[in-house]
Every structure is written in C-alpha cells, then in structure tokens.
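If you want the building blocks of each chain, they are given just below.
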Amino acid sequence: MTDPHSGGAVVPPSTIGMLGGGQLGRYALMAARRMGYRTIVLDPDPDAPAGAIADVHLVAPYDDANALDHLASRCDVVTVEFENPSAVSLERLAEHTAVAPSANALAVAQDRRLEKRFLCEQGIPVGPFAVIGAASDLPSADGAVPFPAILKTTAGGYDGKGQLTVCSPGELADAWAELGQVSCVLEQHLDLEREVSVLLARSGSGDVVAYPVTENIHVGGILDVSVVPARVSDRVVVHAVAFATRVAEALEYVGVLAVELFVVEGEVLVNELAPRPHNSGHWTLDAAATDQFAQQIRAVCGLPLGSTLMTAPAAAMANLLGDRWSNGEPDWAAALVDPDVRLHLYGKSRASPGRKMGHLTATGPDVTTALHVVQRARTASETNARAPGAQRARPALRHVDADDATDGVGHGTRPHHDQHLAHDEPGEVAFGPAPDRRSDDASRHSADDE
Ligand code: AIR
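Everything numeric in this text was worked out from a predicted model, so none of it was measured. All chains use their own residue numbering, which begins from 1 and follows the written sequence. It should be noted that, the model being predicted, local features are given only for residues of pLDDT at least 70 and side-chain atom pairs only at 80 or more, the latter also being counted only at that level, while totals for whole chains, interfaces and linings use all residues.

## Remarks on the overall build of the chain
Worth spelling out the cut-off: Numbering of helices and strands runs from the N terminus, with a helix taken as a DSSP run of H or I at least four residues long and a strand as a DSSP run of E at least two residues long. Around each residue's C-beta, the other C-beta atoms within 10 Å are counted; 20 or more make the residue buried, 12 or fewer make it exposed, and counts in between make it partly exposed. All C-beta atoms are placed from the backbone.
Along the backbone of the chain there are 14 helices and 19 strands. Counting every position in the chain, which comprises 450 residues, the buried fraction comes to 50%.

Structural data, given as structure tokens:
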C-alpha cells in the first residue's frame, strides 16, 4: 500500500473508498472516475446517489465491521463525504489503509462542544456560547449567553434541526427538555451582516489552497443560495482565510475543508467546520479551474493540488430542495433557457421537504447578475412545473432485496462486481440484512447538511 500522506501518491488506477454515498460522495467519485481511479462506496441506502457512480457499492451501516474491513482491504485510500461516520470507524480503517481526513478531524467537527473548545484553543474568535451537559449547567449558561439565544445539540443536528431559539431562562429549560436533555451548546443569537464560507484544500505535505470566499444566504436554516466572490471587505476575506488556514493546520488536515463564518459588525467569527466538500462550494463545478471534488481526490491521494482560480468573474448557486417537487417534476427546460445556467440533479429517488435534490448555477459578469440569473431560472422551473405525477423523481434503478442479503464479507448480491473492481458498470454488495430505509434516513440526517 502506498501511503499518500507520507510521500508517495496514490495514482490511478488505484482504488478510492468513500464513506457515505450522498451527492457529495457522488461528485467526488465522478471526479475520481474521470481521473481513472476505481471506486468503492459504503452506504446503507441501496439507492444512495453515489452508488450509481461507484464501481462497487457496499450496502451496509457505516460502522459495520465486516464492511469496513472489506473496504480497508480493497482501497488504497478512504475518504468521507459527511461527518457522521464515527471516529472509531475511521480508526479501524486507518489500521489497514490511508484515511483522510483523520479520525481526529472528524471527531472535532462532529461535536459542537469539541469544535468550540478547539477553536478557542487556537485563539480563533467564536460567538458567545456555553455548554450544557446537565441541568446544573442551565443557570450559568443563561448568565453567560445573552438572550435571544439558540440551543443546539452538540451532535447530530443539521439544517436547523436539533436547534431551538430561546428568549428567557424558562424557555431555555423547556427547550433543553424538548431536545431530550442531551449535551447542548447555547449560542447567542447574533445580528449577522453576512454569512460566508472558506473552502480550502490541504495536502499531506502541508500545502494549502483556498477558493475565493463564498457568501451564503440561508432560508429556514437551510442554505438557499451562494454567491462568489462574497460581498465583503478585503479585511474580512483576509481574516476568514487566515482563520480557516489556521484550523486546517492545527488539525493537520488532509482533504477539502469548509469553514463557515459569520460577519458581525465587521468582525469575523467562526461558526462551524465541515470536514469535506461543501454545498457552498458547488459553484466550483462550473466556475473554478479545479472543482472542490477533484480537489478532494487530489488532496487525499497525495497529488499536487489544483488551481482554485475562478473561470468566470462571478458565480451563483441556488439549491433545489424537495419542496419544489410537490407539484410534480419542475420544468428543467424552462430553467435552462439562459445559456449561462447549469442544472445539477443528484439522482435521489425520493423528494421530501427540505431535502437537497439538486442545484442550479449561473456565471456572470458580476455577483448581482449571476444571482439574478440563477434565481430567475429557479423560479421559471417552478412556475412551469409539470402536473403532479407526470414525471416524478426517477425511481431507483437498482435495489437490494432482503433475499439477496448475506452475512459475511464479500458474499453479496453481485459478487462479480465485488470481485473485479475494474468493471465499468457499478455493482452493489450487501452486508447483513437489507437496511431499514427509515433508519438509514435517520442516520444520514444527522449530518450537518451543507
Ligand atoms: N451532506 C452531508 N453533510 C452535509 C451534506 N449536504 C450530503 C452528503 C450526504 C447527503 O448530503 O452527500 O450523504 C445526505 O443527503 P440526504 O438527502 O440523503 O439527507
């Protein structure tokens, strides 16, 4: 095995493993395949978007020991596309293969308490907060953090889930009870001038490249649109990139890292970390010399990092959430009338409210134009939506039946794919009983979903 993090690069046609098979994994594996790598994805959902791209899809929970060992034995490097897999799973993989980002980086990013502690230790500014681990912490928390405040579970929340706004000590106690009295962080509700993110990549040899800072606009706690370059001062850009770089260096991070930041009264505060490509970096697919997914592959494989320069003066990205499917399939032809607009759909078989189904991007001479064009395209897709049921999100083309399931390593449903990773057609290998779709969704939904 070549260890890309101690000098030698993992070069095509080596095999790259991916924990998680959502849209982020799908794009990363597309980038890997374009470069000539073989790919294996581990995701419990037989319909996972990346399953249609990978050479092999291991259908098993992220902590399934047999599946992890199988992945480790077949892959030259393994990476992740969301922060949910446990650090224990990554450590198990790391005993036998290269893993990036590290279990430690993941552990910090998946726990708000550890994340805040880490940021404070690094001297990186964060908003006022308090940790609530027990009922006895409530009085000191409401003394330390002015109301209104937001109570967030330390693990597992995303897109506004696991979060409640509180305006008084009484509401705080009620909210904590409502969240199940689990470990939480109380954050002051700040008056934000802007929300921005820094997307960077760091290689094992310590090189860091950052993309232009992106500005993000959320609706209902979910990213709605991103524009780049962010409409902020040079000073904000310098601080934001410096903080993100410090985070990457302190974590000895390898891969693409997204750092979400708040701009408050001209000052930059770090909000949270995402140890992976990020929703706010989707514009790079259409407007950067190296997109964030190709960059992730280069970084985790120990290849030289690619250029982060923009290929257009400005770009905008608008998310397409499942709500837009409530009247049937949106009208994509209408969305694409402007030749500067591009459509990305993730191949999810089920649309539900708030679920990220795809996005549109537009490039333009400036941010205002690009934003206007992408929003107009999204609106056009919705006003011309087809009649309900006319053409819904495509059902999955392949599935794993309970009968197909086996109990061991590599004895799955389509052993020909499992045995021969060079196949062009994606394969699917089940580990253990066919997964319960509801619990898969629940586990996937504990990602910080951007
Ligand atoms: N994701 C993970 N963290 C944040 C985001 N956006 C992506 C990953 C993950 C997918 O969202 O690609 O696998 C989960 O999407 P869903 O719709 O199944 O919840």
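## Remarks on helix α8 (residues 234-250)
To be explicit about the condition: How far a helix is expected to stretch is found by multiplying one less than its residue total by 1.5 Å. Throughout, a residue-residue contact means that the two C-beta atoms, derived from backbone geometry, are no farther apart than 7 Å.
Here α8 is 17 residues long and its end C-alpha atoms lie 24 Å apart, about the 24 Å a rise of 1.5 Å per residue gives. Restricting attention to buried positions, one finds in α8 the residues Val236, His239, Ala240, Val241, Phe243, Ala244, Val247 and Ala248. Each element contacted by the buried residues of α8 is listed here: β10 (194-202), β11 (208-210), β14 (255-264) and β15 (267-274). Just downstream of α8, Glu252 is the residue with a positive phi angle, here 50°.

## Quick word on unusual backbone geometry
Most peptide bonds take the trans form, and the phi angle of most residues other than glycine is negative. Cis geometry marks the peptide bond from Pro12 to Pro13; its omega dihedral reads 5°. With respect to the element layout, Pro13 can be found in the segment before β1 (15-19). Cis geometry is found at the peptide bond from Ala100 to Pro101, where omega equals -5°. The residue Pro101 is located in the loop between β5 (98-99) and α4 (103-109) in this model. The phi dihedral of Glu252 falls on the positive side, at around 50°, and the residue is not glycine. Counting through the fold element by element, Glu252 comes out in the loop between α8 and β14.

## Notes on the pairing of strand β4 (residues 77-80)
Heads up, the rule is: Paired strands are those between which DSSP finds at least two bridges. A clockwise course of the path from the first strand over the helix to the second, judged with the strands pointing away from the viewer, identifies a crossover as right-handed.
Every second residue of β4 is oriented toward a common face, with Val77 and Thr79 on one face and Val78 and Val80 on the other, all of them buried. Pairing between β1 and β4: four bridges, direction parallel. Paired with Met18 across the strands is Thr79, a residue of β4. Two strands pair when backbone bridges link them, and β4 and β5 are joined in this way by two bridges, in the parallel orientation. Bridging from a neighbouring strand, Val78 pairs with Val99 of β5. In this fold, β4 hands off to helix α3 (residues 87-94), which returns the chain to β5; that crossover is right-handed.

## Here we look at the nonpolar core
Just so we agree on the cut-off: Defined on buried residues, the nonpolar core groups Ala, Val, Leu, Ile, Met, Phe, Trp, Tyr and Cys residues joined through C-beta atoms within 7 Å. The start and end points of each domain follow an automatic or database-based domain assignment.
Counting 105 residues, the largest nonpolar core has Leu58, Val198, Ala240, Ala244, Val259, Ala316 and Val374 as its most contacted members. Summarising the domain contributions, this core has at least three residues from each of domain 1 (1-99 + 395-450) and domain 3 (194-389). Apart from residues lying up to four places away in sequence, Val374 is in contact with Val225, Ala316, Met317, Ala318, Val341, Leu360, Thr361 and Ala362. Ala130, Val145, Leu172 and Cys184 belong to the second-largest nonpolar core, a separate cluster that totals 14 residues.

## Observations regarding the confidence of the model for the chain
So the rule is basically this: Within a predicted model, pLDDT stands for the predictor's per-residue confidence, ranging from 0 to 100.
In this model, the chain carries an average pLDDT of 87, and 84% of its residues clear a pLDDT of 70 or more. Note on residues 389-426: pLDDT under 50 across the span, and 80 contacts to partners over four residues away in sequence or across chains. This model gives residues 432-448 a pLDDT under 50, and the stretch forms 29 contacts once residues within four places in sequence are excluded.

## Focus on the packing of helix α1 (residues 23-34) against helix α10 (residues 292-300)
Our working rule: Only the stretch in contact is used when fitting a helix axis, every axis being a line fitted to C-alpha atoms; angles between N-to-C directions are given from 0 to 180 degrees. Angle categories: roughly parallel below 35 degrees, roughly antiparallel above 145, roughly perpendicular from 65 to 115, and oblique for all the rest. Working rule for handedness: look at the near helix, and if it is turned counterclockwise from the far one by less than a right angle, call the crossing left-handed; if clockwise, right-handed. As a working rule, the residues Ala, Val, Leu, Ile, Met, Phe, Trp, Tyr, Cys and Pro are called nonpolar, Asp, Glu, Lys and Arg charged, and the rest polar, with Gly in that last group.
Two numbers describe how α1 lies on α10: the axes approach to 8 Å, and their chain directions differ by 65°. With respect to each other, α1 and α10 are oriented roughly perpendicular. Handedness of the α1/α10 crossing: right-handed. In this structure, α1 contributes Tyr27, Ala28, Met30, Ala31 and Ala32 to the contact, and α10 contributes Phe293, Ala294, Gln296 and Ile297. Along the lines of polarity and charge, the residues of the contact of α1 with α10 split into eight nonpolar, one polar and no charged.

## Let's talk about the environment of Leu138
Mapped onto the fold, Leu138 is located in helix α6 (residues 138-144). We classify Leu138 as partly exposed; it has 17 C-beta atoms within 10 Å. In sequence terms Leu138 and Trp176 are 38 residues apart; their C-alpha atoms lie 8.9 Å from each other. Excluding residues within four positions of it along the chain, Leu138 makes contact with Ile132, Leu172, Ala173 and Trp176.

## Thoughts on the sheet that holds strand β6 (residues 129-132)
Strand order in the open sheet made by the four strands is β6-β9-β7-β8, with antiparallel pairing throughout. The open sheet terminates on both sides in strands that have one partner only, identified here as β6 and β8 (163-166). Put simply, the sheet's adjacent strands are angled 20° from each other on average, direction ignored. As judged from the four bridges shared by strand β7 (residues 149-153) and β8, these two strands associate in the antiparallel manner. If you follow Leu151 over to β8, its bridge partner there is Leu164.

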